[in-house]
Amino acid sequence: MSAEHPQKNGLLISFEGSEGSGKTTQIRCLSARLEDAGYDVLITREPGGTEIGEQVRHILKHADSGRGMTPETELLLFAAARAQLVREVIMPALDAGRIILCDRYLDSTTVYQGVARSLSEEPVTVINRFAVGPLMPDWTIILDLPPEVGLQRVRARGNDLPDRMEEESIEFYRAVREGYLLLADDLPDRYSVFDSEQPVELIEDEIWEEMQERYFRRD
Ligand code: TYD
């Protein structure tokens with residue numbers, strides 16, 4: 001992507017992090033900056049973003065029938081919602097040259113179902129790849145903070161009943177955090193980690209700065 005042809009091929013950027021890490025806020029900030037600069041932006045969230053995906057979201061998060069869900073079922077449901085989102089929404093948007101900001105993508109499955117729920121790495125990788133097909137993120141922004149701080153933020157919001165995924169132990173969210181940091185260590189080109197305990201505006205500036213370096217200052 002160059003300044004002259006900024007959206008020739010589109011761009012897929014995913015945001016990852018544990019509960020309360022500020023993904024939604026930072027996505028809004030980056031989207032506003034990109035739109036101000038003239039880019040065409042699409043925001044997606046997971047699970048959801050399609051009619052099928054929203055129904056799957058309900059089962060995963062709120063339905064009574066979700067209570068006895070096994071980790072294997074959970075993995076397949078997250079992957080199913082994503083498979084639909086990729087083909088129904090993300091592929092056409094990329095083809096149209098848009099910048100897509102994903103509020104979670106396949107790394108959430110790697111970390112929540114693979115690491116925190118201790119499912120074996122191999123089937124998680126295979127199922128993840130099958131669900132997204134060729135669409136790996138160009139860049140993944142990890143918002144990192146201690147789980148205690150994130151959960152405190154979620155509770156302070158107090159606008160929703162805790163959903164099934166928010167009722168896990170602190171160890172679960174510690175594993176999630178570690179899982180993300182390990183991914184970033186393994187593949188520093190694809191991931192950038194931002195300290196999400198900093199003020200919102202500072203994180204916003206850091207993300208924007210890196211976005212410019214990666215995509216707007218190359219040629
Ligand atoms: P959501 O309400 O969208 O919250 P958040 O602001 O934390 O993204 O809830 C999504 C929940 O589902 C969250 O607890 C993470 C979890 N999740 C997985 O376990 N695996 C996945 O593949 C995805 C996409 C989400």
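Parameters and conventions
- Residues numbered from 1 in each chain as written.
- Predicted model: local features only at pLDDT ≥ 70, side-chain atom pairs only at ≥ 80, totals over all residues.
- Heavy atoms only, no water.
- Patch = residues over 30% accessible without salt bridge, like charges linked within 9 Å, V, L, I, M, F, W, Y side chains within 5 Å.
- Areas by Shrake-Rupley, 256 points an atom, 1.4 Å probe, with all protein chains shown as cover.
- Salt bridge = Lys/Arg side-chain N within 4 Å of Asp/Glu carboxyl O.
- Lys, Arg positive; Asp, Glu negative; His and termini not counted.
- Charge placed at Lys NZ, Arg CZ, Asp CG, Glu CD.
- Helix = DSSP H or I, 4+ residues; strand = E, 2+ residues; numbered from the N terminus.
- Pairing = 2+ DSSP bridges.
- Axes fitted to C-alpha atoms, helices over the stretch in contact; angles between N-to-C directions.
- Buried < 20%, exposed > 50% of the residue type's maximum accessible area, 1.4 Å probe, protein only.
- Arc of directions from axis to C-beta.
- Contact = heavy atoms within 4.5 Å.
- Left-handed = near helix turned anticlockwise from the far one by under 90°.
- Nonpolar A, V, L, I, M, F, W, Y, C, P; charged D, E, K, R; others polar.

Asker: Which residues make up a negative patch on the surface, and what values go with them?
Answerer: A surface patch of negative charge is lined by Glu121, Glu122, Asp185 and Asp186. When residues of the negative patch are traced back to their parent elements, those giving at least two are helix 5 (121-132) and helix 7 (170-186).

Asker: Could you give an account of the sheet that holds strand 3 (residues 99-103), naming the residues involved and the relevant values?
Answerer: Here we have five strands laid out as an open sheet, ordered 2-3-1-4-5, and parallel in their pairing. Of all strands in the sheet, those bounded by a partner on one side alone are strand 2 (41-45) and strand 5 (191-195). On average, each strand axis in the sheet is tilted by 20 degrees relative to the strand beside it, whichever way the strands run. Pairing of strand 4 (residues 139-144) with strand 5 involves five bridges; the strand directions are parallel. Considered in strand 5, the bridge of leucine 143 is made with phenylalanine 194.

Asker: Tell me about the environment of glutamine 212, residues and numbers included.
Answerer: For glutamine 212, the position within the fold is in helix 8 (residues 200-216). Using a relative accessible area of 18% as the deciding quantity, one classes glutamine 212 as buried. Sequence spacing of glutamine 212 and tyrosine 105 is 107 residues, and the spatial spacing of their C-alpha atoms is 22 Å.

Asker: Tell me what's going on with helix 2 (residues 51-61), and back it up with residues and numbers.
Answerer: Among all positions in helix 2, only Gly53, Val56, Arg57, Leu60 and Lys61 are buried. Viewed end-on, helix 2 has its buried residues packed into an arc of 120 degrees, placing them on one side of the element. Opposite the buried face of helix 2, by more than 90 degrees, sit the exposed residues Glu51 and Gln55. On its buried face, helix 2 is in contact with strand 2 and helix 3 (71-95).

Asker: An account of the pattern of salt bridges is needed here, citing residue identities and associated values.
Answerer: One pass over the structure, following the stated rule, counts 14 salt bridges. Between glutamate 74 and arginine 117 there is a salt bridge, and its shortest N-O distance comes to 2.8 Å. Taken together, the residues glutamate 74 in helix 3 and arginine 117 in the loop between helix 4 (106-116) and helix 5 connect sequence positions 43 residues apart. Across the pair, arginine 117 and glutamate 74 agree in class, each one buried. Among the salt bridges present, the one from aspartate 144 reaches arginine 177, with a minimum N-O distance of 2.8 Å. With aspartate 144 in strand 4 and arginine 177 in helix 7, this residue pair connects regions lying 33 residues apart in the sequence. Overall, the relative accessible area of 14% leaves aspartate 144 in the buried class. Residues joined by salt bridges that share partners form a network here, namely Arg33, Glu204 and Asp205.

Asker: Please set out the packing of helix 6 (residues 147-157) against helix 7 residue by residue, giving values where relevant.
Answerer: Running from N to C, helix 6 and helix 7 point in directions that differ by 115 degrees, and their axes come no closer than 9 Å. Along this stretch, helix 6 crosses helix 7, giving a crossing that reads as right-handed. For the pair helix 6 and helix 7, contact is made by Pro147, Glu148 and Leu151 and by Ile170, Tyr173, Arg174 and Arg177, respectively. Residues that form the contact of helix 6 with helix 7 fall into these classes: four nonpolar, no polar and three charged.

Asker: Go over the pairing of strand 3 with me, naming the residues and quoting the values.
Answerer: Most of strand 3 is tucked away: five of the five residues are buried. Going residue by residue along strand 3, you find Ile99, Leu101 and Asp103 tucked away on one face and Ile100 and Cys102 tucked away on the opposite face as well. Looking at chain direction, strand 1 (residues 11-17) and strand 3 are connected through five bridges and run parallel. Within the sheet, the bridge partner assigned to serine 14 lies in strand 3 and is cysteine 102.

Structural measurements only, silent on function.
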